[in-house]
Amino acid sequence: MVAGQKKRDQPWLMRTYSGHSSAKASNTLYRTNLAKGQTGLSVAFDLPTQTGYDADNVLARGEVGKVGVPISHIEDMDQLFDQIPLDQMNTAMTINATAPWLLALYIGLAQRRGIDPKKLSGTTQNDIIKEYLSRGTYIYPPGPSMRLIADTINYTITHVPKWNPTNICSYHLQEAGATPVQELAYALCTAMAVLDRVKATGVITPDQFPQVVERISFFVNAGIRFVEECCKLRAFGEMWDEMTLNRYQVADPKLRRFRYGVQVNSLGLTEPQPENNVQRIVLEMLAVVLSKGARARAIQLPAWNEAMGLPRPWDQQWALRIQQVMAFETDLLEYADILDGSPVIAAKVSELIEGARTEIANVEAQGGIVAAIESGYIKRELVGSHMNRLRAIESGDLKIIGVNCFQETAESPLTLGSDGSIMKTNPAAEREQIERLQAHRKSRNDAEVRAALQGLADAAKSDENIMPSSIRCAMAGVTTGEWGDSLRAVFGEFRPPTGIDISIDSREVLGKKDQVTELRTRVANTGTALGRPLKLLVGKPGLDGHSNGAEQVAVKARDVGFEVVYDGIRLTPQQIAQAAQEEGVHMVGLSILSGSHMELVEAVLQEMRTRDLATVPVIAGGIIPQEDAEKLLSQGVHAIYTPKDFSLNTIMADMVDVIRECNGLERLGLLQ
C-alpha cells in the first residue's frame, strides 16, 4: 500500500453484457474478457432463446444470434461454458420467460460435469413483470408466469442456495420511459408480488422466508442526472429495508440489505457525436458507486457505440477498463459514505420516497401490479412519461449534446474504420445454428425426450414444481422450442395492452403549436385528396420486443390525424402484410431494433408484393447502420429513421410527403 493510502473496499463484480452469433464464438469472447480482468459473466441470449423458440421456427428468422447467443439445448450450453469452471464463476443470465429452462440447462450441465449445484452462484433475471411493460420477451399470461418464478425460487432456496433466482429489473422500466419515482414504485411493487406469491405457495417455511428475501436482487438503471440517480439508489435501499422489515418481518438487517447490480443507461447514448457517450457512461457509473451505503454489487457498462450497432471486442474492453480505472486508480473505495449528512441529498431522497409511496398506492388500488398490467394502467403511464421526454427533447427543454444542441462537430476518428466502428455478426450464424439443432435432434433418444416432455406437461398441469422436470428435459436433450411449446400448450400465450390509447396534446410543446396545427391540416387535406382518412400500420416483425419507438410513432400519428393500426410486438411478415391488405393502409412503418432489419424488411416487402401492395410505401426505423440503410432504400423502402431522428413532427411531415408522392400528389416540404 502506498504511504498515506487508506484501506480500500473490495470492488464490485465487473462484467460486460455480451454474447453473439453462436455458443462457440461467445465462449471465445467470454474467456478473452475474463483474461482481461472481468470478474463475472453476464450472458446475453438471442431473442428466440428468450422467447422459447427454436432457431428454425418461422418467428426466429433473422433473429438467431443477433442480440445474444442462441442456446437451443444442453450441448449449446456446454459449448458456451467450455473451459469455464461453473463452480468458480458468478454468472448472470438476462433471461425471463424461459429463465427456469436456462437455469435447468445450467444445473444439468453442472451435474453432467460432476459439480454439486449447491456450489453454483449467479443470477437469473427472471422478472416477467417488466417484460410486459418494456422488453417484450414474455410468453405466458401473468398468472402462470408468476407461478414459474415462484417455482424457481422455491427450488433454488433448497437445491441451489447461492443462486439469485429472481432479479427485479427496473432497468428496462427507465428505458421504457419511467421517471425515478415510477422506477422505484413499479420495481418494489414487482418485488412484493413475487414475495407474496412465494409466500402463498406454502412451500417455504416461516424460518426459510428471510433467506428468500436475502436472495432477491435488483438490476437498476443509472441515467445522466447524477444527483437524482444517487438519491434514487439511496431511496431504494431505505424503502426495501422498511418493506422487508414491516411487511415481511425480516429481523436480521443483513438479510434486508438492498443488493443490486446496474447497467448504466443505454437510452441516453446518442448516434450523433457518439464519442460523447464515453463521458456519459463514466458519470452514470459514478452515480452508483459514489455512495458507499448504496453502492452497486455488480456493474456492467454499455460500449460507447451501442447506439450505432453491435460493439466490437475492443469496445467492450474499453467499457471494462472504465470500471477498472474507477475501482483501482481512484480513491473512491477508501472512504465512508461521503453523501451522509447532506441536506440536499436527504431532501431529494425524501421527495422520491414520498412520490414512490403515492404511486405504489395507485398500483395497489388497481389490485396490485399484475392487475395494473392487465388493465393497461402501467403501460399507459410509461408511454405517457416517455412521450413527455421526447417532447422535451423536441422542444429543447431537455438538451442532448450533439442531438438538439451543439450539433457542430469535426469528423470523429473513432467512426472512420472500414467496419463502421461496429461488429458485424456472421451472416452464416443462423444457418449453422439450424444445422447444429437438426443434427442434435437426430442424435438424441426420442423415447427419453417424449417421456421428459410428458413429465414437464404433467408438472405444469399440477402443483408440482417445474424445475425437476425441466432439468430432466435438459438432460434428455429437449430443445428450447420444445420446452416453450410444451408449456404454451398448458398455459397459453399472452398479448398485453399496447398502451397507445392515451390522449396527448402536442401543441403544449413550446414553439411547436403552429407545426402541429399545420401537420393536422396536411394529414386531413391529403386524406381528402385521396378520398378517405390517412391510415398507418405500425408493425414490429420478428421477436424484437422493444416497442417504445413504435408506440411513440403510433401515439403521435394518431394525434396529428392518422388512423393507426398497431397490434403490438412479435408479428410475422405475413401477418403484417395481411393486416396492411385487410386494413387498406396508406403506409406501413416497421420498427426493428434487434439488428434483423435486412432480413425482416425484405420479407415484409416480398409479402406485400405477393398481395399486390407494392405501391404502398414502407418506411423503417431502428438501430440501422448507414450501409444497411442505403441497401434498404435501394430495395424499395421509402425512408429510414434512426436514433438521430428525434423530431416526431419532422417524421410525421416526411410520412405525409411519402404518401403524397406515392399517390401522385405534390410534396409539401418542410414544416413552417
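Colleague: Is there a simple way to explain the pattern of salt bridges in this structure?
Modeller: Side chains that carry opposite charge are capable of pairing whenever their charged atoms lie near each other. Per the counting criterion, the structure on display carries 34 salt bridges. With its nearest N and O atoms 2.7 Å apart, the salt bridge here joins Arg 247 to Asp 196. Here the residue Arg 247 occupies a position in the loop between helix H10 (226–246) and strand E9 (260–264), and Asp 196 occupies one in helix H8 (residues 180–201), the gap between them amounting to 51 residues. Here Arg 247 falls in the partly exposed class, since its relative accessible area comes to 35%. For the salt bridge of Glu 518 with Arg 522, the shortest nitrogen-to-oxygen distance reads 2.7 Å. One end of the pair is Glu 518 and the other is Arg 522, both in helix H20 (residues 513–530) and four residues apart, which spans about a single turn. Judged by relative accessible area, which is 7%, Arg 522 ranks as buried. Ionic contacts of the salt-bridge type, sharing partners, join the residues Glu 75, Asp 78, Arg 112 and Arg 113 into one network.

Colleague: Sorry, what's going on with the packing of helix H17 (residues 446–461) against helix H19 (residues 480–491) here?
Modeller: Between H17 and H19, whose axes approach to 9 Å, the crossing angle comes to 35°. Of the two elements, H17 crosses H19, and the hand of that crossing is right-handed. Touching Val 449, Leu 453, Leu 456, Ala 457, Ala 460 and Lys 461 of H17 are Glu 482, Trp 483, Ser 486, Leu 487, Val 490 and Phe 491, all from H19. Residues of the contact of H17 with H19, tallied by class, amount to nine nonpolar, one polar and two charged.

Colleague: Quick question: what am I supposed to make of the domain arrangement of the protein chain here?
Modeller: Interface extent is often summarised as the accessible area lost during association of the parts. Domain annotation of the protein chain identifies domain 1 (10–407) and domain 2 (513–662). Averaged C-alpha coordinates put domain 1 and domain 2 at centres separated by 32 Å. If you look at the interface, domain 1 gives 34 residues, while domain 2 gives 31 residues. Of the roughly 2700 Å² buried between domain 1 and domain 2, counting both surfaces, carbon and sulfur atoms make up 57%. Applying the counting rule to domain 1 against domain 2 returns two salt bridges. Across the pair Glu 551 and Lys 379 runs a salt bridge whose closest N-O atoms are separated by 2.9 Å. Our enumeration of links across domain 1 and domain 2 arrives at 14 residue pairs in polar contact (both at pLDDT 80 or more). Of all elements in the fold, only helix H2 (47–50), helix H5 (129–135) and helix H15 (377–395) reach the threshold of two or more residues within the side of domain 1 that touches domain 2. Looking at which element gives the most residues to the side of domain 1 that touches domain 2, the answer is H15, with seven residues. Split into classes, the residues belonging to the side of domain 1 that touches domain 2 amount to 17 nonpolar, eight polar and nine charged.

Definitions and cut-offs
Residues numbered from 1 in each chain as written. Predicted model: local features only at pLDDT ≥ 70, side-chain atom pairs only at ≥ 80, totals over all residues. Heavy atoms only, no water. Salt bridge = Lys/Arg side-chain N within 4 Å of Asp/Glu carboxyl O. Helix = DSSP H or I, 4+ residues; strand = E, 2+ residues; numbered from the N terminus. Buried < 20%, exposed > 50% of the residue type's maximum accessible area, 1.4 Å probe, protein only. Axes fitted to C-alpha atoms, helices over the stretch in contact; angles between N-to-C directions. Left-handed = near helix turned anticlockwise from the far one by under 90°. Contact = heavy atoms within 4.5 Å. Nonpolar A, V, L, I, M, F, W, Y, C, P; charged D, E, K, R; others polar. Domains from an automatic or database assignment. Buried area = accessible area lost by both parts, 1.4 Å probe. Polar contact = N/O pair within 3.5 Å; in protein donor to acceptor, adjacent residues only side chain to side chain.

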